[in-house]
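Observations on the three-dimensional arrangement
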Amino acid sequence: GVFRVRKSISKLDEINSSDASEVLSQWLNSVYEKYRKRSIELLNVKELESIGFNSVMQLFRISAAGVTEDFSFPVDILRAMMEIIISKNEKETELFDLFDEAINSYRDIRYYTLRIAGQISKDIQNDCNENSSALYRGIFKIISEIVMETDSEVESGEAEVNPFFVQAQLPAAVSTCKGHLQEFSSCWLSFMQGFSAIEPKLHRSFLKIVNDRIIPYMSKPTLLADYLTDSFNAGGLISLLALNGLFTLMHRHNLDYPSFFPKLYSILDSNILHCRYRKRFCKLFSLFMTSTHMPAYLIAAFVKRVARLSLDASPAVINWVIPFIYNMFKAHPAIRVLIHRQSTGEESKIVDPFIMEEIDPAICKAIDSSIWEIHALSRHYWPEAIKQSRVFTERLTKPPFVLENFLEGPTYHSIITKELSHKWSKVPPLNISIPSHLFDI
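The structure contained in this document is the topic of the report that follows. (Residues numbered from 1 in each chain as written. Predicted model: local features only at pLDDT ≥ 70, side-chain atom pairs only at ≥ 80, totals over all residues. Heavy atoms only, no water.)

Topic: the overall build of the protein chain
Scanning the protein chain from terminus to terminus reveals 20 helices and zero strands. For the protein chain, the C-alpha radius of gyration of 32 Å lies well beyond 22 Å, the compact-globule estimate for 441 residues. With respect to the principal axes defined by its C-alpha atoms, the protein chain has extents near 120 × 60 × 45 Å. Across the 441 residues of the protein chain, 44% fall into the buried class. Carbon and sulfur atoms provide 53% of the accessible area of the protein chain, an area that totals close to 25,300 Å². (Helix = DSSP H or I, 4+ residues; strand = E, 2+ residues; numbered from the N terminus. Rg over C-alpha atoms; globule rule 2.2 N^0.38 Å. Buried < 20%, exposed > 50% of the residue type's maximum accessible area, 1.4 Å probe, protein only. Areas by Shrake-Rupley, 256 points an atom, 1.4 Å probe, with all protein chains shown as cover.)

Encoded structure:
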């Protein structure tokens, strides 16, 4: 390095000052370009990721050295680093952890990260190939970990994000929450336009975080309405995961979706009550059913359908079903006719007018039925179901159950273990002689 500097200085003596300045500038640019290229290359070496990241951050500092006005954020360097992180297939890397910390520590880096992520998403959509799925997963890995804040959170001191370039002048949008939320919204909308078709596996991952980590920070949350309604109409597990976000848009952002409850009724089946997200669904479903604007026939339809599904459900489900139905009867006196419906003829004693296969709650005839399923549960093999069902044999004077306390039900293993460890006061009578064979031939 010293030899090159001396060699350059000796050449400068032979030319005028203006030419000398040009030669020096070219030489410095070439040195800077070599340093930049080498720093980016280090990011691809797993053992040297941290060194490469620190070198890139040093490049950021160099780009702002002595510049206070007309500063241009080094977008090209940031994009080069992001493309490497996105292309890595590993779920967690040291480079990703370092970059994630920088994004959530410096608001200007976060702002341009969101902008570049949106641009890359559009580029992938325009040039779709066999590698697009992996790239979408890489983008999601970055933007799903970004922590945002609102003006109220900043004013209350709950959130504090400082700029990386303290002295440099950046666009006004970079220093305001409104600008960040707009860029956040634009990034996610660009990402959503293509990923569901190219990488459907991300569909579930997106729906898991949309309610808590995306909707609260969207500049216009209703822009997600089409996506969430399509997901809700898809059926199965996707519908379940879309429930929370869609209900939030309806409840807090005035989204008009009149077919929400009929659609919710149609997806309520045994698969929902046995899936891995059962507790999440039961918690949301209980919240939805607290609405005071639902007609009696609709409440009756949901109560009847849940009761019918409980007949072949696990004890963990029954543990929630009985308290839920009791709360519905407490809150809606108009459906209490289902508890003690009087029969009008011989045929009515054995025929249930309720049509379980009908997915339209308006014509399933639940309001004309009875809640005989609870009587069936009073003869269940699980002793706790028998105890819980007794609440319907008395007047509904007990306070409503706190349903969150019933989301955690017993497992088959715990029931069997409890029965096997039970100590009998009297030994049950058994066959004295042990048979030598099972069947007489």
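We are not done yet, so read on.
Regarding the environment of Trp372
Summarising the element assignment, Trp372 is placed in helix α18 (residues 372–377). Once the C-alpha coordinates of Trp372 and Pro262 are considered, the two residues, 110 residues apart in sequence, prove to be 24 Å apart.

A word on helix α4 (residues 75–87)
Helix length check: α4 (13 residues) gives 18 Å between terminal C-alpha atoms against 18 Å at 1.5 Å per residue, within 8%. Restricting attention to buried positions, one finds in α4 the residues Ile77, Leu78, Ala80, Met81, Met82, Ile84, Ile85 and Ile86. (Expected span 1.5 Å × (residues − 1).)

Some thoughts on a nonpolar patch on the surface
Judged by side-chain polarity, Tyr381, Tyr412, Ile416 and Leu420 come together as a nonpolar surface patch covering roughly 510 Å² of accessible area. In this structure, Ile416 sits in helix α20 (residues 412–420). (Patch = residues over 30% accessible without salt bridge, like charges linked within 9 Å, V, L, I, M, F, W, Y side chains within 5 Å. Salt bridge = Lys/Arg side-chain N within 4 Å of Asp/Glu carboxyl O.)

Some remarks on the nonpolar core
Generally speaking, a soluble globular protein has its nonpolar side chains buried in company with each other. One finds Phe206, Phe260, Leu264, Phe285, Phe302 and Phe329 to be the most contacted residues of the largest nonpolar core, which totals 128 residues. The dominant element in this core, judged by the number of residues it contributes, is helix α17 (residues 315–331), at 10 residues. Residue contacts for Phe260: discarding those within four places in its chain leaves Phe232, Leu243, Leu246, Phe247, Met250 and Phe288. (Core = buried A, V, L, I, M, F, W, Y, C linked by side-chain atoms within 4.5 Å. Contact = heavy atoms within 4.5 Å.)

Details of the environment of Ala385
Among the structural elements, Ala385 can be located in helix α19 (residues 383–389). With 11 residues separating them along the chain, Ala385 and Ile374 place their C-alpha atoms 9.4 Å apart. Excluding its chain neighbours within four sequence positions, the residues that come into contact with Ala385 are Ile318, Ile322, Leu377 and His380.

This is a description of form; function is not addressed.
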